[in-house]
2 protein chains.
Amino acid sequence: MRDEEEGQDRFENRPRQRYGARGEFDFINSIRRQALRRGRKVSSSLIPDTSSLLFGIGDDAAVFEQREGFDTVITTDLLVEEIDFRLTTTRPRPLGHKALAVSLSDIAAMGARPRFALLSIGVPHAVWRSSFLDQFYEGFFALADRYHVALIGGDVSRTPEKIVIDSILIGDAPHHRAVLRRGARPGDHIFVTGELGGSGLGLRLLEDSRYHRLAPHPVIEGAIRRHRRPEPRVHWGAVLGEEGLATSMIDISDGLSSDLAHLCHESRVGAMVDARRIPIDPLVAGLCAKLQLDPLEIALDDGEDFELLFTVHPHNLARLPKRIGEVPATYIGDVTDEPHKIVLYEGARFRRLKPGGFNHFHGKV
Amino acid sequence: MRDEEEGQDRFENRPRQRYGARGEFDFINSIRRQALRRGRKVSSSLIPDTSSLLFGIGDDAAVFEQREGFDTVITTDLLVEEIDFRLTTTRPRPLGHKALAVSLSDIAAMGARPRFALLSIGVPHAVWRSSFLDQFYEGFFALADRYHVALIGGDVSRTPEKIVIDSILIGDAPHHRAVLRRGARPGDHIFVTGELGGSGLGLRLLEDSRYHRLAPHPVIEGAIRRHRRPEPRVHWGAVLGEEGLATSMIDISDGLSSDLAHLCHESRVGAMVDARRIPIDPLVAGLCAKLQLDPLEIALDDGEDFELLFTVHPHNLARLPKRIGEVPATYIGDVTDEPHKIVLYEGARFRRLKPGGFNHFHGKV
């Protein structure tokens, strides 16, 4: 039942009737061939995971083997044109990257290791006839390759007007090792990976060109890149889960203030956060003075950094890596026993930290 | 890590920022509560499957346990307004039914048993404010309950204008028992479940009101219902897979002529089909004379019947059930060793059967 490259095939049963003719048949075949070629590359490396793929693209469904002692983790993310991205400011290759990145971040936030992806995608006729999908899949596959994720299925459809993408990602965690939002306990330390605010600044720069004359081009490009091509913390997530280091975890998609509130709500705890410890992206720190923005506010409330926010029991602090690859984890505060009370302090000044993320991001990425 | 009803929660991390405010929070909570209530109902029955659900709606991803000796089967189906359905002819409850039915049919066509569903759904603001989603989920859950399928996650988003639904379904098959399209061998017998043409006739009636004065109302309603609320052959699929009875299988979504061509293509075989044995829906047989349509053509070429088309090795014919519940399986022909050559005969008359399904269904359900 192992997958083979031969034979014409499709993602799925229905698409052909929608596009008719050769075009879509060829397209799905090309995606299938790419997926298979990459699958072989992966299985010839030392990653054992994809060896359990029994059948990928080309039947009514994909099939993979279950393994005793593991749990399956699955997430789905819907990206809608004009809501989550705009074609005027987003090119197809970074969009392919981002479609997978948001799902990788969800799997990482569960302490799981990504394995298999499916991609449902609907495009209007004009987009279908352009090179959009080729470039989109290039971006998708480039990121998938880095983490040995195999594309095993999906659906391709026409839409009347706008592009829609549903990214489905499946991961593995050792049995009962998946990390939920609800496990934080008073006394746990709170950590965040990487640096915050870069994506939010990038979005501001994308949406308001007045800012552009205020900063050097490479700095602006760097911030925009941070927004367009987020780096999910795949290795951090897998290590925290597999080593049993995190008591709770969430990825920062709405913004630190909002996502910490989610985590505390689920765990029925509160938090004390030291404003001076929050790791602010150097690009943000450097540009904000010129742009008359508050870097702390951006780091707290802007979304889509896709860093991991997690809690660690004091007993495990010594085992926690300082960094994985180039990416540090920074201690920013402590879990308290006052449910829903999240306090931000800066030296002797204290204030309640309210979820502020979604205001800035309403209706768009 | 077992799921609990307590606590506010969400399908996913991002939706809240899109709708803001309480509305969506409440909505996701209500879906979560429904999913949990149904989950309990299922696990209190004698179905052991959902006992391995570790965490459903309410975190970055859902988690379930892997079981040695089983394979996971996963499919995704994208339904787009104006392409796959029209709000003028489709009510939300049957649409919820159909969104799950098409995926159940895919899982059945793999010889697998459905277990877990995820649902990504994007709606414009006006639809969000209506009762559309409540009714949609009612239809979805009513069908899910019948087959003990648990909703374990999804994503809810806004769209600029049209509704989009991605239905994701996960099933189980005993290891190496999933049934692919490629396993048919010369000499195998070809079977189809149920009866064909009802959905196609229903669509014609929906789209052309001239037909309506030609037939009694209950007959028209019956055909339209067959189109709107297809019955996936879940039990047939599971039995054929688990008992190792089918050498190959596909579900009839494009139409018998097209889907038999897919199956023969994948298996590199041909087929001889006896036109007189093709089970035509009695509604079709009854109405076609009045409507001046050829019932055989409808049964061959119209899509979306969601019956199962499968092949059986002669050694296994004695073990094959005649029917499961009310649904028969009918022998319609034989697999031959001439790749791609599919012949239809009626007594002494023979003709090549060309895939005809997608012509009739281009761009709509």
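Small disclaimer: the values here were computed from a predicted structure and weren't measured.

1. Notes on the overall build of chain A
The number of helices and strands found in chain A is 12 helices and 14 strands. Contacts spanning at least 24 positions in sequence make up 85% of the contacts within chain A whose residues lie at least 6 apart. Accessible surface computed for chain A: about 13100 Å², of which carbon and sulfur atoms make up 51%.

2. What about the sheet that holds strand β5 (residues 150-158) of chain B?
Pairing is mixed across the open sheet formed by six strands, whose spatial order is β1(A)-β2(A)-β3(B)-β6(B)-β4(B)-β5(B). Looking at which strands have only one partner, the edges of the open sheet turn out to be β1 (53-55) of chain A together with β5 of chain B. Averaged over all neighbouring strand pairs, the angle between strand axes comes to 20°, with direction disregarded. Pairing of strand β3 (residues 70-80) of chain B with strand β6 (residues 164-174) of chain B involves 11 bridges; the strand directions are antiparallel.

3. Some remarks on the packing of aromatic side chains
Residue and element names in this part refer to chain A. Using the criterion set out here, one finds 18 aromatic pairs over all chains in the structure. Measuring from ring centre to ring centre gives 5.7 Å for Phe136 and Tyr137, while their planes differ by 85°; the resulting arrangement is edge-to-face. A single burial state applies to Phe136 and to Tyr137, both of which are buried. Through pairs of rings, three or more aromatic residues link up here, namely Phe132, Phe136, Tyr137, Phe140 and Phe141. Taking NZ or CZ as reference, Arg67 lies 4.3 Å from the ring centre of Phe70, over its face.

4. Quick word on helix α6 (residues 198-207) of chain B
Taken across its 10 residues, α6(B) has seven buried, putting it largely inside the fold. By the burial criterion, the buried members of α6(B) are Gly198(B), Ser199(B), Gly200(B), Leu201(B), Gly202(B), Leu203(B) and Leu205(B).

5. Considerations on the packing of α6(B) against helix α7 (residues 217-228) of chain B
Residue and element names in this part refer to chain B. Interaxial distance between α6 and α7 falls to 7 Å at its minimum, and their mutual angle equals 110°. Put simply, α6 runs roughly perpendicular to α7. As α6 packs across α7, the resulting crossing turns out to be left-handed. For the pair α6 and α7, the contacting residues are Gly198, Ser199, Leu201, Gly202, Leu203, Leu205 and Leu206 in the first and Ile220, Ala223, Ile224, Arg226, His227 and Arg228 in the second.

6. Some words on the sheet that holds strand β2 (residues 62-65) of chain B
Strands sit in the order β5(A)-β4(A)-β6(A)-β3(A)-β2(B)-β1(B) across an open sheet of six strands; the sheet is mixed. In this open sheet, the two edge strands, each paired with only one partner strand, are β5 (150-158) of chain A together with β1 (53-55) of chain B. Direction aside, the axes of adjacent strands within the sheet are offset by 20° on average. Set on the sheet, helix α3 (residues 92-109) of chain A makes contact with β3 (70-80), β4 (113-123) and β6 (164-174) of chain A; between it and β6(A) the angle comes to about 35°.

7. Some words on the packing of helix α6 (residues 198-207) of chain A against helix α10 (residues 282-291) of chain A
Residue and element names in this part refer to chain A. For the pair α6 and α10, the least separation of the axes is 10 Å and the interaxial angle reads 40°. Our classification of the angle between α6 and α10 gives oblique. Where α6 crosses over α10, the two elements pack in a sense that is left-handed. Facing α6, whose interface residues are Gly198, Leu201 and Leu205, α10 presents Leu283, Val284, Leu287 and Leu291. Its residues assigned to classes, the contact of α6 with α10 shows six nonpolar, one polar and no charged.

8. Some points on unusual backbone geometry
Residue and element names in this part refer to chain A. With a phi close to 65°, Glu304 is a non-glycine residue in the positive phi region. The topology assignment puts Glu304 in the loop between α11 (295-301) and β10 (308-312). Judged by relative accessible area, which is 3%, Glu304 ranks as buried.

9. Some details on the pairing of β3(B)
In terms of residue burial, β3(B) counts as a mostly covered element, since 10 of its 11 residues are buried. In the sheet, strand β2 (residues 62-65) of chain A pairs with β3(B) via four bridges, with the strands oriented antiparallel. Paired with Glu65(A) across the strands is Asp71(B), a residue of β3(B).

10. A word on helix α8 (residues 234-242) of chain A
Of the residues making up α8(A), those classed as buried are Val234(A), Trp236(A), Gly237(A), Ala238(A), Leu240(A) and Gly241(A). Residue Gly244(A) follows α8(A) closely and has a positive phi angle near 65°.

11. Remarks on the pairing of β10(A)
Residues and elements named next belong to chain A. Counting buried residues in β10 gives five out of five residues, a clear majority hidden from the surface. Residues of β10 alternate between two faces, with Leu308, Phe310 and Val312 on one and Leu309 and Thr311 on the opposite face, all of them buried. With four bridges connecting them, strand β7 (residues 189-193) and β10 associate as antiparallel partners. What sits directly across from Ile190, in β10, is Thr311.

12. Points about the pattern of salt bridges
Under the defined criterion, the tally for this structure stands at 38 salt bridges over all chains. Its salt-bridge partner being Arg115(A), residue Asp172(A) comes within 3.1 Å of it at the nearest N-O pair. Taken together, the positions of Asp172(A) in strand β6 and Arg115(A) in strand β4 put the pair 57 residues apart, joining distant regions of the chain. Residue classification places Arg115(A) among the buried residues on the basis of a relative accessible area of 1%. A salt bridge links Lys341(B) to Glu338(B); the shortest N-O distance between them is 3.7 Å. Here Lys341(B) falls in the partly exposed class, since its relative accessible area comes to 29%. One network of salt bridges, with partners in common, ties together Arg226(A), Arg233(A), Asp281(A) and Glu307(A).

13. Observations regarding the environment of Pro321(B)
All names here are of chain B. Locating Pro321 in the fold gives a position in the loop between β10 (308-312) and β11 (323-324). Residues Pro321 and Trp236, spaced 85 residues apart in sequence, show a C-alpha to C-alpha distance of 9.2 Å. Apart from residues lying up to four places away in sequence, Pro321 is in contact with Trp236, Val239 and Leu245.

14. Notes on the side chain of Ser199(A)
One can find Ser199(A) in helix α6. Apart from the residues lying within four places of it in its own chain, the contact partners of Ser199(A) are Arg226(A), His227(A), Gly303(A), Glu304(A) and Asp305(A).

15. Comments concerning the confidence of the model for chain A
Residues and elements named next belong to chain A. Counting all residues, the mean pLDDT for chain A is 86, and 87% of those residues have values of 70 or more. Note on residues 42-48: pLDDT under 50 across the span, and six contacts to partners over four residues away in sequence or across chains. Per-residue pLDDT stays below 50 along residues 358-365; that stretch engages in 38 contacts with residues further than four places along the chain or on separate chains. Interface predicted TM-score (ipTM) for the complex: 0.87; the corresponding pTM is 0.88.

16. Focus: the environment of Val284(B)
All names here are of chain B. Within the element layout of this structure, Val284 appears in helix α10 (residues 282-291). Remark: the alpha-carbon pair of Val284 and His176, spanning 108 residues in sequence, is separated by 38 Å. Apart from the residues within four sequence positions on either side, Val284 is in contact with Leu196, Gly197, Gly198, Leu201, Pro295 and Ile298.

17. Concerning the side chain of Glu81(B)
For Glu81(B), the position within the fold is in the loop between β3 and α3 (92-109). The side chain of Glu81(B) sits in the buried core without any salt bridge; Lys162(B) is the nearest counter-charge, 4.6 Å away. For Glu81(B), the side chain forms a polar contact with the main-chain nitrogen of Ile163(B), separated by 2.8 Å. Those residues in contact with Glu81(B) that lie beyond four places of it in its chain are Pro160(A), Leu87(B), Glu161(B), Lys162(B) and Ile163(B).

Rules used in this analysis
Residues numbered from 1 in each chain as written. Chains lettered and ligands numbered in written order. Predicted model: local features only at pLDDT ≥ 70, side-chain atom pairs only at ≥ 80, totals over all residues. Heavy atoms only, no water. Helix = DSSP H or I, 4+ residues; strand = E, 2+ residues; numbered from the N terminus. Contact = heavy atoms within 4.5 Å. Areas by Shrake-Rupley, 256 points an atom, 1.4 Å probe, with all protein chains shown as cover. Pairing = 2+ DSSP bridges. Axes fitted to C-alpha atoms, helices over the stretch in contact; angles between N-to-C directions. Phe/Tyr/Trp six-rings, centres within 6.5 Å; stacked < 30°, edge-to-face > 60°. Buried < 20%, exposed > 50% of the residue type's maximum accessible area, 1.4 Å probe, protein only. Lys NZ or Arg CZ within 6 Å of the ring centre and 35° of its normal. Parallel < 35°, antiparallel > 145°, perpendicular 65-115°, else oblique. Left-handed = near helix turned anticlockwise from the far one by under 90°. Nonpolar A, V, L, I, M, F, W, Y, C, P; charged D, E, K, R; others polar. Salt bridge = Lys/Arg side-chain N within 4 Å of Asp/Glu carboxyl O. pLDDT = per-residue confidence, 0-100. Lys, Arg positive; Asp, Glu negative; His and termini not counted. Polar contact = N/O pair within 3.5 Å; in protein donor to acceptor, adjacent residues only side chain to side chain.

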